[in-house]
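Report on the structure
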Amino acid sequence: MPNSQLASNPRSSKRRRSKSKRQKLVQNQPEPPYQDTALTEEEEEEEEDDGNGFKLKTSAKHGVQPLGNLYFINKGAVNVRNTGLGNLQVLTDELVIDILGLLDAAHLGVLATVTKSLYVFANHEPLWRNLVLEELKGEFLFTGSWKATYVAACHPKFQNSGESVLKIRDFYSDYLFQSWLCANLEMKREWLERDNIVRVRGVSVEEFITKFEEPNKPVLLEGCLEDWGAVEKWTKEYLTKVSGDVEFAVGPVDMKLENYFRYSDGVCEERPLYLFDPKFAEKVPVLDSEYKVPVYFREDLFSVLGNERPDYRWIIIGPSGSGSSFHIDPNSTSAWNAVITGSKKWVLFPPDVVPPGVHPSPDGAEVACPVSIMEWFMNFYGDTKNWKKRPIECICKAGEVMFVPNGWWHLVINLEESIAITQNYVSRRNLLNVLEFLKKPNAKELVSGTNDRENLHDKFKKAIEETYPGTIQELEKKAEEKRIAEEQKVTFWDAATDSKAGAFKFSF
């Protein structure tokens, strides 16, 4: 998944050399006894860079370092990652983790006692996260780490003994280091500086349609939430109180808000769990009464389907660093996203520009985005600075609303703990796009948010024709007239060049 690289950490402070000498392993020499692998408190101090410009912080948990340190800073050291894996050292780190993911907690614990290398691998937090979510679902109380959470829930007699964390000398792995780095790295200033979106306040619905919705352009709307009760009320304490024992969709599990907030307050990981629930208003009706759709988005033609409409609105809650990697909103709908508390960084690309690092399948059914949000910023964000079609970017703060036109790629990351409401909708401006999308041959794979994917097109079209007779035909006529007009436009080169004679002519 991650690309190998030398990575620096802006949080790192001035480093000094440890006073004790670094012990070196000799190739083919057996590892020292397992009990001798813990570094002393003094040895845990990080090293000053050696003048080559590398300021690389070792992992705060197990001492994992990026592979570049082995080649440029700690020259002559032997990577205990390899010596501890023996013949398995030929496997990639990703494959080792995949194999360990097949084990249960007891076998992981035993494996961690075999070698220093296996100790690091077997304590990789995502392995324990998967165990918690698979075995406990949403019924867990986060206790600072996923391993500690698992032990507290499944082996409570050990929970007060404390989690033993050893620092391992000379373990080098880009894969494991970058996972830790992405969890601990703050957004850099240069990732936040670009703000090239149009911001408007108080525009009429007609102006919004003409300038933004019809031309399919993003815009940030200010002053839309001033009459929302949610803006004043939706604190963590209030939401926890009114929700009680109701469980919300959080990644692959359902959780009570009280337990989710306990997790989000204490977690520090590369891909934090994101609360993203499409049924929040049905589960807690009072929440439905404390916000209302901004005036620009009140024409929602999917409403003709009543309870059969696809999922269309969500409450979104997440800690700093959580968010959504690049995607296009479902069913060719447009969307609005209102930030109630916190702030979000947005990066958007137009429909004809696939973001770097993103690989959609030819039929659009799947999108491979093999990196986390933070890793995308580290490895790909800089590439977009010189692009002819640069992305639209902004920070959307509390009280502001982002309009996301249909077909636009977008990435969102929470810069702080955030609560938001988002809703997908269909208006006359994108009705034909939605109908075309729903009738694609592979609609069964493409359509989302409903159990009746194959018949959604026919149901929707029939309901529109019954509720708004003649609308589809009128829109199709206008679309055809627009297409013909575009084809008949004379470009500069058509006017300036005589295609037969190969000479120039001038028209005035």
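Above: the structure in question.
Residues numbered from 1 in each chain as written. Predicted model: local features only at pLDDT ≥ 70, side-chain atom pairs only at ≥ 80, totals over all residues. Heavy atoms only, no water.

What follows deals with the overall build of the protein. Counting secondary structure elements, the protein contains 21 helices and 15 strands. Split into buried and exposed, the 508 residues of the protein put 47% on the buried side. (Helix = DSSP H or I, 4+ residues; strand = E, 2+ residues; numbered from the N terminus. Buried < 20%, exposed > 50% of the residue type's maximum accessible area, 1.4 Å probe, protein only.)

This brings us to the packing of aromatic side chains. Using the criterion set out here, one finds 30 aromatic pairs in the structure. On the numbers, 6.3 Å between centres and 35° between planes, the contact of phenylalanine 208 with phenylalanine 212 is tilted. Taken together, the residues span about one helical turn, with phenylalanine 208 and phenylalanine 212 both in helix α10 (residues 205-213) at a distance of four residues. For the pair phenylalanine 208 and phenylalanine 212, one class covers both residues: buried. Aromatic pair phenylalanine 326 and tryptophan 376: ring centres 5.0 Å apart, planes at 70°, arrangement edge-to-face. (Phe/Tyr/Trp six-rings, centres within 6.5 Å; stacked < 30°, edge-to-face > 60°.)

Burial of strand β4 (residues 253-256) is one-sided: the residues Val253 and Met255 facing one way are buried, the residues Asp254 and Lys256 facing the other way are not. Relative to β4, strand β3 (residues 247-250) is paired through four bridges, and the arrangement is antiparallel. What sits directly across from phenylalanine 248, in β4, is methionine 255. (Pairing = 2+ DSSP bridges.)

Direction vectors running N to C along helix α12 (residues 236-243) and helix α13 (residues 257-266) enclose 150°, while the axes themselves pass 9 Å from each other. Taken as axis vectors, α12 and α13 run roughly antiparallel relative to one another. Judged by residue contacts, Lys236, Leu239, Thr240 and Ser243 of α12 engage Leu257, Glu258, Phe261 and Asp265 from α13. Partitioned by chemical class, the residues of the contact of α12 with α13 number three nonpolar, two polar and three charged. (Axes fitted to C-alpha atoms, helices over the stretch in contact; angles between N-to-C directions. Parallel < 35°, antiparallel > 145°, perpendicular 65-115°, else oblique. Contact = heavy atoms within 4.5 Å. Nonpolar A, V, L, I, M, F, W, Y, C, P; charged D, E, K, R; others polar.)

In terms of burial, strand β6 (residues 313-318) is a largely internal element, six of the six residues being buried. With burial as the criterion, each face of β6 is covered, one bearing Arg313, Ile315 and Ile317 and the other bearing Trp314, Ile316 and Gly318. Of the pairings in the sheet, the one linking strand β5 (residues 275-277) to β6 comprises three bridges and is antiparallel in character. Within β6, the position partnered with aspartate 277 by the bridge is isoleucine 315. Examined bridge by bridge, β6 and strand β15 (residues 418-425) share six bridges and lie antiparallel to one another. The residue bridging arginine 313 from the neighbouring strand is glutamine 423, located in β15.

For tyrosine 381, the location among the structural elements is in the loop between α16 (373-379) and β12 (392-397). In contact with tyrosine 381, other than residues within four places in its own chain, are Glu190, Trp191, Arg194, Lys345, Trp376 and Glu393.

Let us look at the sheet that holds strand β9 (residues 343-349). Within the open sheet, the four strands sit side by side as β7-β14-β9-β12. Their pairing is antiparallel. In this open sheet, the two edge strands, each paired with only one partner strand, are β7 (323-327) and β12. When strand polarity is set aside, the average angle formed by the axes of neighbouring strands in this sheet is 15°. Pairing of β9 with strand β14 (residues 409-414) involves six bridges; the strand directions are antiparallel.

The biggest cluster of nonpolar side chains holds 93 residues, and the ones touching the most others in it are Phe208, Trp376 and Phe377. Core analysis: the second largest hydrophobic core is formed by 18 residues, Leu431, Ala443, Phe460 and Ile472 among them. (Core = buried A, V, L, I, M, F, W, Y, C linked by side-chain atoms within 4.5 Å.)

Our next topic: the environment of lysine 461. Mapping lysine 461 onto the fold places it in helix α19 (residues 456-467). Along the primary structure lysine 461 and phenylalanine 302 are separated by 159 residues, whereas in three dimensions their C-alpha atoms are 10.0 Å apart. Leave out the neighbours within four places in its chain, and lysine 461 touches Leu435 and Ile472.

With that settled, consider a negative patch on the surface. On the surface, a cluster of negative charge is contributed by Asp363, Glu366, Glu445 and Glu454. On the secondary structure map, aspartate 363 appears in the loop between β10 (359-360) and β11 (367-368). Taking relative accessible area as the criterion, aspartate 363 reaches 42% and is therefore assigned partly exposed. (Patch = residues over 30% accessible without salt bridge, like charges linked within 9 Å, V, L, I, M, F, W, Y side chains within 5 Å. Areas by Shrake-Rupley, 256 points an atom, 1.4 Å probe, with all protein chains shown as cover. Salt bridge = Lys/Arg side-chain N within 4 Å of Asp/Glu carboxyl O. Lys, Arg positive; Asp, Glu negative; His and termini not counted. Charge placed at Lys NZ, Arg CZ, Asp CG, Glu CD.)

All right, on to the packing of helix α6 (residues 125-136) against helix α7 (residues 146-154) then. In contact at an axis separation of 8 Å, α6 and α7 are set at 35° when each is read in the N-to-C sense. Considering the relative orientation of α6 and α7, their crossing is left-handed. Where α6 approaches α7, its residues Glu125, Trp128, Arg129, Leu131, Val132, Leu133, Glu135 and Leu136 are matched on the opposing element by Trp146, Lys147, Thr149, Tyr150, Ala153 and Cys154. Here the contact of α6 with α7 is composed, by residue class, of nine nonpolar, one polar and four charged. (Left-handed = near helix turned anticlockwise from the far one by under 90°.)

With that out of the way, let us pick up helix α3 (residues 93-100). Here α3 has its buried residues at Asp93, Val96, Ile97 and Leu100. Down the axis of α3, the smallest arc covering the buried residues is 95°, so these residues share one side. For α3, the elements touching its buried residues are α2 (80-85), α4 (105-111), α5 (116-122), α6 and α8 (174-184). (Arc of directions from axis to C-beta.)

Before going further, it helps to spend a moment on the pattern of salt bridges. The full count for this structure, using the stated rule, is 29 salt bridges. Residue aspartate 300 pairs with arginine 309 through a salt bridge whose shortest N-O separation is 3.0 Å. Look at arginine 309 and you get buried, because its relative accessible area is 12%. Notably, a salt bridge pairs arginine 483 with glutamate 487, separated by 2.5 Å at the nearest N-O pair. Remark: glutamate 487 and arginine 483 occur in helix α20 (residues 471-488); sequence separation between them is four residues, near one turn of the helix. Taking the relative accessible area as the measure of exposure, glutamate 487 reaches 56% and is therefore exposed.

This brings us to the side chain of threonine 384. Its location among the elements puts threonine 384 in the loop between α16 and β12. Owing to a relative accessible area of 0%, threonine 384 belongs among the buried residues under this scheme. Discounting residues that sit within four places of it in the chain, threonine 384 has contacts with Arg194, Phe349, Pro356, Arg390 and Pro391.

Following the criterion strictly, the structure yields zero disulfides and no others. Cysteine 224 takes part in no disulfide bond, and the closest cysteine sulfur to it belongs to cysteine 396, at a distance of 10.0 Å. (Disulfide = S-S within 2.5 Å.)

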